[in-house]
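Structure at a glance
Below are the chains, spelled out letter by letter.
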Amino acid sequence: MDAVLQVEELSGGYHPRKAIIKQLSFSIGKGQLIGLIGLNGAGKSTTIKHILGLMKPQSGKVYILGKTLADDSHTYRSSLAYVPESPILYEEMTVEEHLKMTAMAYDVKESNYKQELEGLLKRYRMTEKRNILTSHLSKGMKQKVMIMSALMAKPKLLIIDEPFLGLDPLGIRSLLKQLVQLKNEGTAILMSSHILSTVEQFCDGIILMHKGEVLVQGTVEQIIADATRSFNGQINNLEEAFYHFIAEGESEDVV
Amino acid sequence: MLFNPHELYLSRKKASLQSILPYIRYIAQSGLLLVISLAVIVFIDQYFKLLKYTPEQFPYDIVLTFVIGLSFIYSPFRSWLKPADVIYLMPKQQAMQEYIRFCSRRGYLISLIITVVVVVLSFFILRAYDDEAKLYIILYSVVAKNVIYHISYNLSSLTNKALMYTMKSIIYFVSFLGVYFIFEYSVLVSYVMLSILLVIHYLYINKQLNQFFNWQQLIEDEQRKVHRTYRFLNLFVDVPHIQSVTKKRQYLAQFAHNIKFTRTNTFSFLHYLTFARSEVGGIYIRNLVVGCIIAFIMANTMLWDGYAAMFFAVMFMAMNAVQVSTLRQIHQHSVWQNIYPIPLTKQHKQMTSIEFRLLLVAAIIFTLLPTTPFMMVGNWQLVGQFAIAMLVIVLWRMLVIRSRVKKLIK
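As the structure is a prediction and not an experimental result, all values here were calculated from the model.

Okay, the overall build of chain A next. When helices and strands are tallied, chain A shows nine helices and nine strands. Here chain A holds 255 residues, and the buried ones make up 52% of them. On chain A, roughly 11600 Å² of surface is accessible, and the fraction owed to carbon and sulfur atoms is 46%.

This is the structure:
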């Protein structure tokens, strides 16, 4: 497997002597969609921030296409695109201008940009909103602009944090279809989500985080089998497996 | 702890002042205070010239009716109430009545002083009136201000908005017409109008007044006043308290599409659109228009041999230069700056090129438009001096911007 993203014994946090994430190791290959799941505060967002290069690891390394940020920041950054949990947009731009800026930043050819723009606007039903300032959009529409911008970048690695928040059912459907298409085209995707049924249905692999550590990782089938073995009972789906693994470290009230 | 309305009043008053002080300091630093001081000197000079050579047909009664009438209806009342007070202070409704009385007393005193100052200043023009007439005017003004302030204050506890607006219209009508009749030597008519206003108030309004003040109304009024203050300050400096307003400004934004579609222009594209659509663009255009008009008038009158025009042009150009350098702060903490595959040094280089172009455009406009009167008389020496002054500002700001960028990158 060609690892697009390789995380090696990564530890880090906001305080130099207190790690929020501890000794994380995982990798994502070309054309893989990996779900990052866990309770609030499990360390998912901190992990993502380290991968994005927004936080410096206390120890360990993050490689994208075999390069760390320090080795080759251009390859590292131009290979990845990010969709944050809450839309972060340049509010002085219209939808089209936002996509144009992303295309410029990622060195997309102008002719390809124009073609891609029409396709994305149509797919996300935003054609009529193309000249609207992003500050005037609803939260769901802002999220669509974020997703369209990430897709415009044609990344090798797409990091997508809680992508379904604020999207309408048609938006969710379009996004899932798009993710499957991207995956089939060879994009590696890391998706953090709380919607376990969707993760179970669409992800090739799962990373379950708890208290800053990887509690368990593997395919859905492996995780369910693992849970069945560990807890001596019939585990039917990811949700049940999730509760069993999390229950180990929590009081009954929490679970 | 016992709730003390006076302490709350003092702390809110102090907090209100402290919230605007930093902006006043920025305005002072940007040179605007100098411009205002000079404008005041020019105004006083022109005012005394007008007093000396007042045309016979000068409509002083109309002008003064307007000015004094405005001072009657102007209310500096501030409640400093906040939306959260509905939850935390409403249970102390009884004690808050006293708090509002403190606020009202402050508003009353300030507005009375303003009215008396306006009336006394107007006496310079009222040479046609004898001392007795002037005494009548002062007396009437004090009585009218008291009546109008008292009624306006009571209106704030009305929940019936239609009635409130009707009463406000009557107050405006009486304020202006009452002063007009005083100038027409119909003092009695003015007092009768005030009496009618009082009668209407006691017959129709008093019955509808709530026992307690109208929280919602006062909070809305307060927010409006705070917003108005910030909007005023925002004319000169960027005020983050105001939720940033993005305007489409297509006439400015359209030039962004002339920026070439390349990676090396990504942040120029962003930076220009941010300028065009944020408050910075609005302030830049306003400074350009106002500065050019004032400098042009000064150039036309050849005040201080034309150097007054240069002074104003330089001041407004400097204000624009300061505004342009605040532009990059807007997206300073944006996560995308650390995610897009463009090194920080190149991002800043792209931004700086836009800042330089904006300064250059302002410098050219400030050189060409206000100096038209000099060009007409062939005074090319002054035009040249204008151009040099503008270039000096451009170079000075570019040096400042570069040193800031260096620090930012470090």
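Taken as a whole and assessed by the stated rule, the structure comprises 14 salt bridges over all chains. Note that Asp 226 of chain A is salt-bridged to Arg 229 of chain A, the shortest N-O span being 3.3 Å. Of this pair, Asp 226 of chain A and Arg 229 of chain A both sit in helix α8 (residues 220-231), three residues apart, which is roughly one turn of the helix. Residue class for Asp 226 of chain A comes out partly exposed when judged on its relative accessible area of 25%. Residues Glu 222 of chain B and Arg 78 of chain B are paired through a salt bridge, measuring 2.8 Å at the closest nitrogen-oxygen approach. Placement of the pair is Glu 222 of chain B in helix α9 (residues 215-234) and Arg 78 of chain B in the loop between α3 (60-73) and α4 (85-88), with a sequence separation of 144 residues. Taken individually, Glu 222 of chain B and Arg 78 of chain B each receive the classification buried, so the pair is uniform in this respect. Linked through salt bridges whose partners overlap, the residues forming this network are Glu 96, Glu 118 and Arg 130 of chain A.

Here we come to empty space enclosed by the protein. Summed over all chains, the structure comprises two cavities of 30 Å³ or more. For the largest cavity, the calculated volume is near 80 Å³. Forming the boundary of the largest cavity are Ala 81, Tyr 82, His 98, Thr 102, Tyr 106, Met 146, Ser 149 and Ala 150 of chain A together with Trp 336 and Tyr 340 of chain B. Only β5 (80-83), α3 (95-105) and α5 (139-152) of chain A provide two or more residues apiece to the lining of the largest cavity.

We now examine the interface of chain A and chain B. Counting residues at the interface gives 31 residues for chain A and 28 residues for chain B. Of the roughly 2800 Å² buried at the junction of chain A and chain B (both faces included), carbon and sulfur atoms supply 68%. It is Tyr 90, Glu 92 and Met 104 of chain A that lose the most area in chain A upon contact with chain B, and together they represent 28% of the buried surface on that side. At the junction of chain A and chain B, the tally comes to one salt bridge. When the shortest N-O distance is used, the salt bridge between Glu 97 of chain A and Arg 277 of chain B registers 2.6 Å. Between chain A and chain B we count twelve residue pairs in polar contact (both at pLDDT 80 or more) in total. Mapped by element, the contributors of at least two residues to the side of chain A that touches chain B are α2 (73-78), α3 and α4 (110-123) of chain A.

A separate point is the packing of aromatic side chains. Residues and elements named next belong to chain B. Within this structure, the stated rule accounts for 19 aromatic pairs over all chains. Centroid distance Phe 267 to Tyr 340: 6.3 Å. Interplanar angle 70°. Geometry classified as edge-to-face. One end of the pair, Phe 267, is in helix α11 (residues 266-277); the other, Tyr 340, is in the loop between α13 (307-326) and α14 (344-368), and 73 residues separate them in sequence. A residue is classified by how much of its surface remains accessible, and Phe 267, at 0% relative accessible area, is buried.

Our next topic: the sheet that holds strand β6 (residues 157-161) of chain A. All names here are of chain A. Strand order in the open sheet formed by six strands is β5-β6-β7-β3-β8-β9, and the pairing between neighbours is mixed. Each of the sheet's edge strands pairs with one partner strand only, and the pair in question is β5 and β9 (213-218). Here the strands of the sheet are splayed against their neighbours by 15° on average, with no regard to which way each runs. Set on the sheet, α5 makes contact with β5 and β6; between it and β5 the angle comes to about 175°.

Quick look at a nonpolar patch on the surface now. Residues and elements named next belong to chain B. A cluster of nonpolar side chains, namely Leu 33, Ile 36, Val 40, Phe 43, Ile 44 and Phe 48, defines an oily patch on the protein surface of about 550 Å² accessible area. If you trace the backbone, Val 40 turns up in helix α2 (residues 32-52). A relative accessible area of 41% places Val 40 in the partly exposed class.

Residues and elements named next belong to chain B. The computed volume of the largest pocket comes to approximately 1300 Å³. Considering the residues around the largest pocket, the lining is formed by 44 residues, among which Ser 75, Phe 77, Arg 78, Asp 221 and Lys 225 are closest to the centre. Take the lining of the largest pocket: its biggest share by element is twelve residues, from α9. Looking at the lining of the largest pocket, its residues break down into 23 nonpolar, eight polar and 13 charged.

Another aspect to go through is the environment of Lys 49 of chain A. When you line up the elements, Lys 49 of chain A lands in helix α1 (residues 44-52). For Lys 49 of chain A, the contacting residues outside a window of four places in its chain are Tyr 14, Leu 54 and Met 55 of chain A.

This brings us to the sheet that holds strand β1 (residues 3-12) of chain A. Each strand in a sheet pairs with its neighbour through backbone hydrogen bonds, running either in the same direction (parallel) or in the opposite one (antiparallel). Residues and elements named next belong to chain A. Reading across from one edge, β2-β1-β4 is the order of the three strands in this open sheet, with antiparallel pairing throughout. Pairing within the sheet leaves two strands with one partner each, and these edge strands are β2 (21-29) and β4 (59-64). Taken over all neighbouring pairs, the strand axes of this sheet differ in orientation by 10° on average, direction set aside. Across five bridges, β1 lies against β4 in antiparallel orientation. Residue pairing for β4: Val 7 is matched across the bridge by Val 62. The strands touched by α1 within the sheet are β1, β2 and β4, with β2 carrying the most contacts at an inclination of about 65°.

Here we take up the packing of α3 of chain A against α5 of chain A. All names here are of chain A. Where α3 meets α5, the closest approach of the two axes is 9 Å, and the angle between their N-to-C directions is 30°. It follows that α3 is roughly parallel to α5 by the angle criterion. Here the hand of the crossing between α3 and α5 comes out right-handed. Contacts between α3 and α5 involve Val 95, His 98, Leu 99, Thr 102 and Ala 103 from the first element and Val 145, Met 146, Met 148, Ser 149 and Met 152 from the second.

Another aspect to go through is helix α7 (residues 161-183) of chain B. Residues and elements named next belong to chain B. An ideal rise of 1.5 Å per residue puts 33 Å on 23 residues; α7 measures up with 34 Å between its terminal C-alpha atoms. Taken together, the buried positions of α7 are occupied by Leu 163, Met 164, Met 167, Ile 171, Val 174, Ser 175, Gly 178, Val 179, Ile 182 and Phe 183. Two residues or fewer after α7 comes Tyr 185, characterised by a positive phi angle close to 60°.

The next thing to look at is α5 of chain A. All names here are of chain A. Over its 14 residues, α5 extends 20 Å from the first C-alpha to the last, a length consistent with the 20 Å expected when each residue adds 1.5 Å. The element α5 is extensively covered by neighbouring structure, given that twelve of its 14 residues are classed as buried. Those residues of α5 that are buried lie in contact with β5, α3, α4, β6 and α6 (169-184). The first or second residue beyond α5 is Lys 154, which carries a positive phi of 45°.

Cut-offs used in this document
Residues numbered from 1 in each chain as written. Chains lettered and ligands numbered in written order. Predicted model: local features only at pLDDT ≥ 70, side-chain atom pairs only at ≥ 80, totals over all residues. Heavy atoms only, no water. Helix = DSSP H or I, 4+ residues; strand = E, 2+ residues; numbered from the N terminus. Buried < 20%, exposed > 50% of the residue type's maximum accessible area, 1.4 Å probe, protein only. Areas by Shrake-Rupley, 256 points an atom, 1.4 Å probe, with all protein chains shown as cover. Salt bridge = Lys/Arg side-chain N within 4 Å of Asp/Glu carboxyl O. 1 Å grid on protein atoms, 1.4 Å probe; cavity = no way out; pocket = protein on both sides within 12 Å on 5 of 7 lines; lining within 4 Å. Points joined across faces, edges and corners; volume = space filled by probe spheres on them. Contact = heavy atoms within 4.5 Å. Buried area = accessible area lost by both parts, 1.4 Å probe. Polar contact = N/O pair within 3.5 Å; in protein donor to acceptor, adjacent residues only side chain to side chain. Phe/Tyr/Trp six-rings, centres within 6.5 Å; stacked < 30°, edge-to-face > 60°. Pairing = 2+ DSSP bridges. Axes fitted to C-alpha atoms, helices over the stretch in contact; angles between N-to-C directions. Patch = residues over 30% accessible without salt bridge, like charges linked within 9 Å, V, L, I, M, F, W, Y side chains within 5 Å. Nonpolar A, V, L, I, M, F, W, Y, C, P; charged D, E, K, R; others polar. Parallel < 35°, antiparallel > 145°, perpendicular 65-115°, else oblique. Left-handed = near helix turned anticlockwise from the far one by under 90°. Expected span 1.5 Å × (residues − 1).

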